[in-house]
Amino acid sequence: MDILQVFKDWLAPNKEHTGSTAKNRLKSMLVIDRSNVSPELMNDIKDDIIKVYQKYFELNDEDMEVKFDNNQNTVILTTSISVLRVKRNIDAANSKDDNDYKRNNANRQKR
Amino acid sequence: MSIVRFKGNKNGIQLMLASDAEFDELLFDVRAKLLASKDFFSGGAGVTVSWGENKFNNKQTDVLKKLLSEYGLVWDKDLVVESPQVNVEKLEPRKTPVLTPKKVEMDGYEAPALVINKNLRSGTRIIYDGIVVLFGDMNPGSEIVAGRDIVIYGTCRGLVHAGAFGARDARIVANKLKPIQIRIADVIARAPDGGEWPEQGSNGEVAYIDNNTLVVKPMGK
Amino acid sequence: MGEVIVITSGKGGVGKTTCTASLGTGFALMGKRTVIVDADIGLRNLDVVMGLENRIVYDLVDVAEGHCRLKQALVKDKRFENLYLLPAAQTRDKTAITPEQMTEIAQQLAEDFDYVLIDCPAGIEGGFKNAIAGADRAVVVTNPEMSSVRDADRIVGLLESEGKANPLLIINRLRPHMVNKGDMMTVDDICDILAIKLIGIIPEDEYIIIATNKGEPAVLNDDKLVGKAYRNIVRRLMGEEIEFLDLDAPTGFFGKLKRAFGV
């Protein structure tokens, strides 16, 4: 521990150390920079997320957004999807394969 | 806007001349353009020439044909549409004439002076087969390559090459001559290390070749 | 067969050209046959830092376009017999040369020289791609501030995707005083973020400007800490293991006192 630093902190307790501020900001910035998600990968992520949600909800998969957000020192992955309605028969739905849900959804939307 | 334009497309090379310009005037610009890109055109490439509504007379046709042929171009009267004679992508890269001096002569025509009214900044290069007169300063990183003399009403701090196509009697004159390098024909002199040329007084300075060496002297001495 | 090293950074103004000049001169100082190549076509500066601007006749683009032989374009240094500069063209732009031509030139040079150092232009476009094309190793220069580290990170990623794995890191312009006050990212912070091998730390020093004014790379002055830092980088690039300099050398009475008490 830097004794001098302790002394300085005692003199000016609220002084912020911008060096570490820089490091933290940079770290979260680089998560986004490095993820540099390609449109294809973004689509894959979307599809996977849809598959999970579709077990439980009927979704409008046209109206959907996945993005990285930078909030202070953390990075948040947010998805926003518009839900058409909650499925009633979740157990039954679970036993079917994903393609069935898509077809079901499509049919319902047509009606 | 230039009065002379070379355009390359899949049908070959087109030479477009401004309809309101005089033939003599055009000729010099064509020559300057060809000179600046003289190795760009591969041997025997066809070129279509248009001069607005104007027609060339026989003498003009001959002079232009001869000029084009000196640079490996063949004047096609009509636009070739069906069979492209030259593929622009396959042409040789442009070469700088500075580095391969060659004397260019044309019967009965003498190149006039090129007059420039601005400061030349780094990255600018002027190539002209004749006398270049600059009203302004030349900054480090700029270049003038002239077939004949270079006259600068200002301070010269760039690279000047007079007599670039072999004229060893060409001279360089400037109010203040402090170039990074001076070249006349095939003789090169560089600035002293540290960049400071000796002060030569306020009357202007002149550089020329004397006995195979490049000499810089105050004007009028 | 010599080694081709590209000096790059992404962000401009972090000291690539000064580094290239000093490292190249440093290799020559160690007796190695060295050539430094200015790949910053249109914005050349390496010649000025080396004090060789008045000796240029041909340049990189002339070589690529076949106006002259490679040997004709090499400008011999005024201090070292074994050091040469291949200057960039000033009146052309980055598109005047292709990565293939650059690779070819770098290979030819590597046959004749022990070290070929390429000064890469700022940015991540064509000029960058040209400069790194023929390189065996890459050195990334960064300053201890956010935008520069961020750009360095981008460059590391691009280098990796171009097959130049394991670039080396130089942290330039470190101000120990600010680091001590907690107002500058530390060397550890930067290494932690970039996660590539550190090969040099160079302190901020006004002397760099004086050296450039004189056209004399700072590596030549071993009285200065920067000179020593450059020499150490050269030796590390040659494979030696050398401890990093203590840049925190105290100045003045209180500094020495502080050091004596170990605080």
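Calculation notes
- Residues numbered from 1 in each chain as written.
- Chains lettered and ligands numbered in written order.
- Predicted model: local features only at pLDDT ≥ 70, side-chain atom pairs only at ≥ 80, totals over all residues.
- Contact = placed C-beta atoms within 7 Å.
- Helix = DSSP H or I, 4+ residues; strand = E, 2+ residues; numbered from the N terminus.
- Nonpolar A, V, L, I, M, F, W, Y, C, P; charged D, E, K, R; others polar.
- Buried ≥ 20, exposed ≤ 12 C-beta atoms within 10 Å, placed from the backbone.
- Expected span 1.5 Å × (residues − 1).
- Arc of directions from axis to C-beta.
- Core = buried A, V, L, I, M, F, W, Y, C linked by C-beta atoms within 7 Å.
- Axes fitted to C-alpha atoms, helices over the stretch in contact; angles between N-to-C directions.
- Left-handed = near helix turned anticlockwise from the far one by under 90°.
- Pairing = 2+ DSSP bridges.

*Asks:* Whenever I open this one, the interface of chain A and chain C confuses me. Can you help?
*Replies:* The accessible area lost on association of the parts is a frequent measure of interface size. In this assembly, 16 residues from chain A lie in contact with 15 residues from chain C. Of all elements in the fold, only α1 (3-11) and α2 (18-35) of chain A reach the threshold of two or more residues within the side of chain A that touches chain C. Sorting elements by how many residues they give to the side of chain A that touches chain C places α2(A) first, with twelve residues. In terms of residue class, the side of chain A that touches chain C is built from six nonpolar, four polar and six charged.

*Asks:* Could you clarify how one ought to interpret the environment of B:Leu114 in this entry?
*Replies:* All names here are of chain B. For Leu114, the position within the fold is in strand β5 (residues 114-116). Under the C-beta neighbour-count criterion, Leu114 is labelled buried, with 20 such atoms within 10 Å. Separated by 32 residues in the primary sequence, Leu114 and Ala146 have C-alpha atoms spaced 9.4 Å apart. Beyond its immediate sequence surroundings of up to four residues, Leu114 is in contact with Tyr128, Gly130 and Val132.

*Asks:* Looking at this structure, how should I read helix α1 (residues 23-36) of chain B?
*Replies:* It helps to recall that an α-helix has 3.6 residues per turn; residues three or four apart then point in one direction. All names here are of chain B. Its 14 residues place the ends of α1 20 Å apart at the C-alpha level, agreeing with the 20 Å of an ideal helix rising 1.5 Å per residue. Of the positions making up α1, those classed as buried are Leu27, Phe28, Val30, Arg31, Leu34 and Leu35. All buried residues of α1 lie within an arc of 160° about the axis, which places them on one face of the element.

*Asks:* What exactly am I supposed to notice about the nonpolar core here?
*Replies:* Across soluble globular proteins, nonpolar side chains have a tendency to be buried as a group. Ranked by size, the top nonpolar core spans 82 residues in total, and within it C:Leu60, C:Val116 and C:Ile118 carry the most contacts. Counting residues in hydrophobic clusters, the runner-up holds 45 residues, among them B:Leu73, B:Val145, B:Ala174 and B:Leu177.

*Asks:* How do you make sense of the environment of A:Leu77 when you look at a structure like this?
*Replies:* Residues and elements named next belong to chain A. Mapped onto the elements, Leu77 comes out in strand β2 (residues 74-86). For Leu77, a count of 12 C-beta atoms within 10 Å gives the class exposed. On a C-alpha basis, the gap between Leu77 and Lys67 in space is 5.8 Å, while along the polypeptide they are ten residues apart.

*Asks:* I tried to follow the packing of helix α1 (residues 16-29) of chain C against helix α11 (residues 225-237) of chain C on my own but got confused; where do I start?
*Replies:* A pair of packed helices can be characterised by two numbers: the angle between their axes and the separation between those axes. All names here are of chain C. At a minimum axis separation of 9 Å, α1 and α11 run at an interaxial angle of 65°. The handedness of the crossing between α1 and α11 is right-handed. Seen from α1, the contacting residues are Ser22, Leu23, Gly26 and Phe27; seen from α11, they are Tyr230, Arg231, Ile233 and Val234.

*Asks:* Explain helix α9 (residues 187-194) of chain C here, please?
*Replies:* Residues and elements named next belong to chain C. When we look at burial in α9, the residues that qualify are Asp189, Ile190 and Leu194. Burial along α9 is one-sided: seen end-on, the buried residues are contained in an arc of 110°. Looking at α9, the residues exposed on the side facing more than 90 degrees away from the buried face are Asp188 and Asp192. Positive backbone phi, at 50°, marks Ala195, one or two positions downstream of α9.

*Asks:* For this particular structure, what's the right way to read the sheet that holds strand β15 (residues 213-218) of chain B?
*Replies:* Sheet strands pair via backbone hydrogen bonds, and the direction of the pair is either parallel or antiparallel. All names here are of chain B. The mixed open sheet is built from six strands, whose spatial order is β5-β7-β9-β11-β14-β15. The open sheet has two edge strands, β5 and β15, and neither has a second partner. Between one strand axis and the next, the sheet turns by 25° as a mean value, whatever way the strands run. Bridging between strand β7 (residues 132-135) and strand β9 (residues 150-156) involves four bridges; their strand directions are parallel. Within β9, the position partnered with Phe135 by the bridge is Tyr153.

*Asks:* Even after reading the chapter, I still don't get the sheet that holds strand β12 (residues 181-184) of chain B, so can you show me in this structure?
*Replies:* Residues and elements named next belong to chain B. Judged by pairing direction, the sheet is mixed, and its five strands sit side by side in the order β6-β8-β10-β12-β13 without closing on themselves. At either margin of the open sheet sits one strand with a lone partner, and together these are β6 (125-128) and β13 (187-190). Sheet twist, expressed as the mean angle between neighbouring strand axes with direction ignored, is 5°. Inspection of the sheet shows β12 paired to β13 by four bridges, in the antiparallel sense. The partner of Ile182 across the bridge, within β13, is Ala189.

*Asks:* Explain unusual backbone geometry here, please?
*Replies:* Trans peptide bonds make up most of the peptide bonds, and negative phi angles are found at most residues other than glycine. The backbone of B:Ala185 sits at a positive phi, close to 50°, despite the residue not being glycine. Here B:Ala185 is to be found in the loop between β12 and β13. Take B:Ala185: there are 18 C-beta atoms within 10 Å of it, and that puts it in the partly exposed class. Of note, C:Arg173 is a non-glycine position whose phi angle comes to about 65°, a positive value.

*Asks:* Got a minute to help me understand the pairing of β15(B) in this structure?
*Replies:* Working note: regular strand, side chains alternate between the two faces of the sheet. All names here are of chain B. Pairing analysis gives six bridges linking strand β14 (residues 205-210) to β15, with the strands arranged antiparallel. Opposite Ala207, over in β15, you have Val216 as the bridge partner. Hairpin remark: β14 followed by β15, antiparallel, with two residues in the connecting loop; positive phi at Asn211, about 55°.

*Asks:* Honestly, the packing of helix α7 (residues 146-161) of chain C against α9(C) in this entry has me stumped. Any pointers?
*Replies:* Residue and element names in this part refer to chain C. Direction vectors running N to C along α7 and α9 enclose 35°, while the axes themselves pass 10 Å from each other. By crossing handedness, the relation of α7 to α9 is classed as right-handed. When α7 is examined against α9, the residues Val149, Ala152, Asp153 and Val156 are found in contact with a partner set consisting of Ile190, Ile193 and Leu194. Per-class residue counts for the contact of α7 with α9 are six nonpolar, no polar and one charged.

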